[in-house]
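Per-entry structural report
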Amino acid sequence: MSRAAEESNRRLLRARDAMDRGYAEPLDIPTLARIACVSEAHFIRTFRATFGETPHRYLQRRRVERSMFLLRESDRSVTDICFDVGFTSLGTFSRTFREIVGQSPRAYRRSSAPAPGAVPTCFTMAWERPSSFGEDSRPSGPVKSPS
Amino acid sequence: MKNFNSITHAHVWVLDHQEALDFYVGKLELEVKADYTRGGFRWLTVGVAGEPLPEIVLDVPGPPVMDEKTAEQVRELVTKGATGVVMVLRTDDCFATYERLRAKGVEFTQEATDHGYGIDCGLRDPFGNQIRILQPRVWQSDQAANR
């Protein structure tokens, strides 16, 4: 691996961190590509090659993971949670949630108990994020790979 | 009788010793515990100032420890952020430490946040390794008990 490739990885990771941090903001590809210091087309292509999924799908999973947390741990309405995590349409949120988690937000809330409080949030955030790679076998249902 | 008394050393892959020193010592203000060079081998460890243990070994992947192809794979994992949380540093004022390090240009992935178990935040070293800073609630209780 060349130094240039390592530096490219590091810049892409910086953009991915920005998604983890600012998931509730209206992040778009031009903004993220600027963080990674590359063109938009190059950003999408290299992000997928590096992390195995498109930036759009990564951001969706981050938002869905946060919504799963809020559905489990809070009494906020599904509509409020949809907007809290960065979706701008309840229809898109419900469709994306079902596609990734395998059940509706309301059904997920009914079937899920709050997580034990002793586990650091950085670990629960990483491990409870719904899979995008087709290997998820948790009872919450099958996960579709991005097409 | 216990098998062990303490953890003395832990290990972190870095891509460059000087850059690692600039970050871990120059910015995080850890101190050099050992710095010994012989031939191509460098034993470089850092730790919390005034605390004898543990020491963190800052190690650069490459021959003769591993072949260049394996070293490339290690470098790729580090720069993609796939090494997980390499260390958690404890503080008694997470908000203050977060602000101080942010002013020094440390790249945070998560701002200081109050969770049930304490206050923590996340950052990356220049290579992609993830580090957490934690002010555990138990620690606060211990302090109060010791006053």
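Below you will find a few notes about this structure. This is a predicted model, so every value here is computed, not measured. (Residues numbered from 1 in each chain as written. Chains lettered and ligands numbered in written order. Predicted model: local features only at pLDDT ≥ 70, side-chain atom pairs only at ≥ 80, totals over all residues. Heavy atoms only, no water.)

1. Digging into helix α1 (residues 17-27) of chain B
Residue and element names in this part refer to chain B. Formally: For every residue, the accessible area obtained with a 1.4 Å probe (protein chains only) is divided by the maximum for its type, and the residue is called buried under 20%, exposed over 50%, and partly exposed between those limits. Helical segments are the DSSP runs of H or I of at least four residues, strand segments are the runs of E of at least two, and each set is numbered from the N terminus. N or O atoms closer than or at 3.5 Å make up a polar contact, with two conditions inside protein: a donor-capable atom paired with an acceptor-capable one, and, for residues adjacent in sequence, both atoms drawn from side chains.
Turning to α1, its buried residues are H17, A20, L21, F23 and Y24. If you check the start of α1, you find a side-chain oxygen 3.1 Å away from the backbone N of Q18, and it comes from D16. Among the residues trailing α1, E29 stands out with phi positive, at a value near 65°.

2. Description of the packing of helix α1 (residues 3-21) of chain A against helix α3 (residues 40-51) of chain A
All names here are of chain A. Test applied: In this description, a line fitted to the C-alpha atoms serves as the axis of each element, helices being fitted only across the stretch in contact, and the angle between N-to-C directions of two axes falls anywhere from 0 to 180 degrees. Each angle is binned into one of four classes, with values under 35 degrees roughly parallel, values over 145 roughly antiparallel, values of 65 to 115 roughly perpendicular, and all other values oblique. The criterion used for residue contact is that any of the two residues' heavy atoms lie within 4.5 Å. Polarity classes work like this: nonpolar for Ala, Val, Leu, Ile, Met, Phe, Trp, Tyr, Cys and Pro, charged for Asp, Glu, Lys and Arg, and polar for all others, with Gly in that last group.
Running from N to C, α1 and α3 point in directions that differ by 95°, and their axes come no closer than 10 Å. By the angle between their axes, α1 is roughly perpendicular relative to α3. Facing α1, whose interface residues are N9, L12, L13, A15, R16 and M19, α3 presents F43, T46, F47, T50 and F51. Taken together, the residues that form the contact of α1 with α3 break down as seven nonpolar, three polar and one charged.

3. Points about the sheet that holds strand β5 (residues 85-90) of chain B
Residue and element names in this part refer to chain B. Definition in use: Following DSSP output, two strands are said to pair if at least two bridges run between them.
The strand order across the open sheet formed by four strands is β5-β8-β7-β6, and the pairing between neighbours is mixed. If you trace the sheet from one side to the other, it starts and ends with β5 and β6 (107-115), each paired once. Ignoring which end each strand starts from, the neighbouring axes of this sheet average 20° apart. Sheet analysis places strand β7 (residues 118-124) next to strand β8 (residues 130-136), joined by seven bridges and oriented antiparallel. Residue pairing in the sheet places D120 in a bridge with L134 of β8. The strands that helix α3 (residues 94-103) touches are β6, β7 and β8; relative to β6, the one it contacts most, it runs at about 165°.

4. A word on the layout of surface pockets
All names here are of chain B. What counts is decided by this rule: Space inside and on the surface of the protein is sampled on a 1 Å grid over the protein atoms alone, with a cavity defined as a set of points where a 1.4 Å probe fits but cannot get out and a pocket as an open set with protein on both sides within 12 Å along at least 5 of 7 lines; lining residues have an atom within 4 Å of a point. Grid points are joined across faces, edges and corners, and a volume is the space filled by probe spheres set on the points.
By volume, the second largest pocket is sized at about 760 Å³. Around the second largest pocket, the lining comprises 24 residues; the ones closest to its centre are L30, V48, L89, R90 and T91. The set of elements that each furnish at least two residues to the lining of the second largest pocket consists of β5 and α3.

5. Brief notes about the interface of chain A and chain B
Stated precisely, the cut-off is as follows: For any pair of parts, buried area is found by adding up, for both, the accessible area (1.4 Å probe) each one loses once the two are put together. Should a side-chain nitrogen of Lys or Arg be within 4 Å of a carboxyl oxygen of Asp or Glu, the pair is scored as a salt bridge.
Listed as interface residues are 18 residues of chain A and, on the opposing side, 20 residues of chain B. Roughly 1,700 Å² of surface becomes buried between chain A and chain B when both sides are summed, with 47% attributable to carbon and sulfur atoms. The tally of links between chain A and chain B comes to four salt bridges. Taking the shortest distance from any N to any O, the salt bridge between R75 of chain B and E6 of chain A comes out at 2.6 Å. Counting across the chain A and chain B interface gives nine residue pairs in polar contact (both at pLDDT 80 or more). For the side of chain A that touches chain B, the secondary-structure elements that each account for two or more residues are α1, α3 and α8 (121-127) of chain A. Among the elements that take part in the side of chain A that touches chain B, α1 of chain A stands out by supplying nine residues, more than any other.

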